[in-house]
Amino acid sequence: LPPLRSMRLFLSPGPDEQIADRYRALDNLPATRANVETGLQQFWAICHRHRDNHAVVYVAGHGVQLNMAGAVLLLEDFGTTKVARRMHGSIDLV
(Lines give C-alpha, C1' and ligand atoms only; values in the text may rest on other atoms or scores of the structure.)
Protein backbone atom coordinates (compact mmCIF):
# COMPACT_ATOMS: atom_id res chain seq x y z
CA LEU A 1 0.00 0.00 0.00
CA PRO A 2 1.17 3.53 -0.66
CA PRO A 3 1.90 5.73 2.35
CA LEU A 4 -0.86 7.75 3.98
CA ARG A 5 -0.66 11.31 2.70
CA SER A 6 -3.30 13.00 4.81
CA MET A 7 -5.90 12.33 7.45
CA ARG A 8 -8.61 14.50 8.94
CA LEU A 9 -10.28 13.78 12.25
CA PHE A 10 -13.48 15.29 13.54
CA LEU A 11 -13.88 14.23 17.15
CA SER A 12 -16.67 15.14 19.55
CA PRO A 13 -16.25 13.11 22.72
CA GLY A 14 -19.15 12.86 25.15
CA PRO A 15 -18.96 14.36 28.64
CA ASP A 16 -17.49 11.17 30.12
CA GLU A 17 -15.11 10.46 27.22
CA GLN A 18 -11.57 11.65 26.56
CA ILE A 19 -9.57 11.88 23.35
CA ALA A 20 -6.59 9.50 23.47
CA ASP A 21 -3.17 11.16 23.43
CA ARG A 22 -2.29 9.67 20.04
CA TYR A 23 -5.31 11.42 18.49
CA ARG A 24 -5.01 14.61 20.51
CA ALA A 25 -1.58 15.17 18.92
CA LEU A 26 -3.18 15.23 15.45
CA ASP A 27 -4.89 18.27 14.03
CA ASN A 28 -8.53 17.44 14.81
CA LEU A 29 -11.67 19.53 14.97
CA PRO A 30 -15.05 19.10 16.66
CA ALA A 31 -17.56 17.22 14.49
CA THR A 32 -19.82 20.19 13.81
CA ARG A 33 -21.77 20.72 10.59
CA ALA A 34 -19.51 23.56 9.44
CA ASN A 35 -16.26 21.68 10.17
CA VAL A 36 -17.40 18.44 8.53
CA GLU A 37 -18.81 20.24 5.49
CA THR A 38 -15.56 22.17 4.97
CA GLY A 39 -13.51 19.02 5.57
CA LEU A 40 -15.50 17.04 3.00
CA GLN A 41 -15.06 19.80 0.40
CA GLN A 42 -11.29 19.81 1.01
CA PHE A 43 -11.24 16.00 0.93
CA TRP A 44 -13.03 15.98 -2.44
CA ALA A 45 -10.56 18.48 -3.89
CA ILE A 46 -7.54 16.50 -2.64
CA CYS A 47 -8.94 13.24 -3.99
CA HIS A 48 -9.29 14.70 -7.46
CA ARG A 49 -5.71 15.99 -7.69
CA HIS A 50 -4.54 12.74 -9.25
CA ARG A 51 -6.47 9.95 -10.94
CA ASP A 52 -4.61 7.25 -8.96
CA ASN A 53 -5.60 8.63 -5.57
CA HIS A 54 -7.55 6.36 -3.23
CA ALA A 55 -9.80 7.66 -0.49
CA VAL A 56 -11.67 6.33 2.51
CA VAL A 57 -14.33 8.05 4.60
CA TYR A 58 -14.91 6.30 7.90
CA VAL A 59 -17.80 7.34 10.13
CA ALA A 60 -18.35 6.02 13.62
CA GLY A 61 -19.90 7.06 16.87
CA HIS A 62 -23.19 7.86 18.46
CA GLY A 63 -26.09 9.30 16.57
CA VAL A 64 -26.16 7.17 13.45
CA GLN A 65 -29.63 6.23 12.27
CA LEU A 66 -29.82 3.40 9.76
CA ASN A 67 -32.91 2.66 7.71
CA MET A 68 -33.82 1.07 4.39
CA ALA A 69 -32.79 4.22 2.51
CA GLY A 70 -29.40 4.79 4.13
CA ALA A 71 -28.11 6.54 7.20
CA VAL A 72 -28.07 9.93 8.90
CA LEU A 73 -25.24 10.97 11.22
CA LEU A 74 -26.11 13.48 13.93
CA LEU A 75 -23.19 15.84 14.48
CA GLU A 76 -22.11 17.67 17.62
CA ASP A 77 -24.26 20.71 16.90
CA PHE A 78 -27.44 18.84 15.92
CA GLY A 79 -30.43 20.50 17.58
CA THR A 80 -28.43 23.40 19.03
CA THR A 81 -29.33 26.06 16.47
CA LYS A 82 -32.65 27.63 15.72
CA VAL A 83 -32.40 27.04 11.99
CA ALA A 84 -35.49 26.52 9.91
CA ARG A 85 -34.08 23.25 8.59
CA ARG A 86 -34.74 20.67 11.28
CA MET A 87 -31.90 18.38 10.11
CA HIS A 88 -29.21 21.09 10.30
CA GLY A 89 -26.30 19.56 12.18
CA SER A 90 -26.61 16.20 10.45
CA ILE A 91 -25.08 14.56 7.41
CA ASP A 92 -26.91 12.26 5.00
CA LEU A 93 -24.62 9.26 4.41
CA VAL A 94 -26.42 7.95 1.32
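Look up: the structure comes first, before these words.
In this convention, every chain numbers its residues from 1, walking through the sequence in written order. Under the rules for a predicted model, residues below a pLDDT of 70 receive no local features and side-chain atom pairs below 80 are neither given nor counted, while totals for whole chains, interfaces and linings still include all residues. Hydrogens and water molecules were not included; the side-chain quantities draw on all heavy atoms of the structure.

Caption draft 1: Representation of the overall build of the chain. Where helices and strands are cited, they refer to DSSP runs of H or I of at least four residues and of E of at least two residues respectively, numbered from the N terminus. Helix and strand counts for the chain stand at two helices and five strands. Helices and strands appear in the chain in the N-to-C order β-α-β-α-β-β-β. Relative to its 94 residues, the chain shows a buried fraction of 18%. Here, residues are in contact when the closest pair of their heavy atoms is within 4.5 Å. For the chain, long-range pairs separated by at least 24 residues make up 30% of all intrachain contacts whose partners lie at least 6 apart in sequence. Exposure is judged per residue with a 1.4 Å probe applied to protein chains only, and the accessible area is read against the type maximum: over 50% gives exposed, under 20% gives buried, and values in between give partly exposed.

Caption draft 2: The arrangement of the pattern of salt bridges in detail. We define a salt bridge as a side-chain nitrogen of Lys or Arg found within 4 Å of a carboxyl oxygen belonging to Asp or Glu. All chains considered together, the criterion is met by one salt bridge. The partner of Arg33 in a salt bridge is Glu37, and the shortest N-O contact between them spans 2.7 Å. Taken together, the positions of Arg33 and Glu37, both in helix α2 (residues 33-47) and four residues apart, correspond to about one turn of that helix. With relative accessibility at 18%, the residue Arg33 sits in the buried group.

Caption draft 3: Here's a closer look at the environment of Val72. With respect to the secondary-structure elements, Val72 resides in strand β4 (residues 70-74). Relative accessible area serves as the criterion here: at 18%, Val72 is assigned to the buried category. The spacing of Val72 and Ser90 is 18 residues in sequence and 6.6 Å in space, taken between C-alpha atoms.

Caption draft 4: Quick look at α2. Take the number of residues in a helix, subtract one, and multiply by 1.5 Å to get its expected span. The end-to-end C-alpha separation of α2 is 21 Å, in line with the 21 Å expected for 15 residues at 1.5 Å each. Regarding α2, the residues found buried are Arg33, Val36, Gly39 and Cys47. What you see down the axis of α2 is that its buried residues fit within an arc of 135°, all on one side. If you follow the buried residues of α2, they end up packed against β1 (9-10) and β5 (90-92). In this description, the arc belongs to the directions extending from the helix axis to the C-beta atoms.

Caption draft 5: A look at the side chain of Asp77. Positionally, Asp77 belongs in the loop between β4 and β5. For this count, His and the chain ends are skipped, Lys and Arg are scored as positive, and Asp and Glu as negative. Of the side chains bearing the opposite charge, Arg33 lies closest to the buried Asp77, which forms no salt bridge; the N-O distance is 7.3 Å. In protein, a polar contact means a hydrogen-donor-capable atom and an acceptor-capable atom, both N or O and within 3.5 Å, with residues adjacent in sequence counting only if both atoms are side-chain atoms; elsewhere, any N or O pair within 3.5 Å suffices. Within the structure, the side chain of Asp77 is placed 3.1 Å from the backbone nitrogen of Arg33, a separation counted as a polar contact. If we ignore the near neighbours within four places in the chain, the residues touching Asp77 are Thr32, Arg33 and Gly89.

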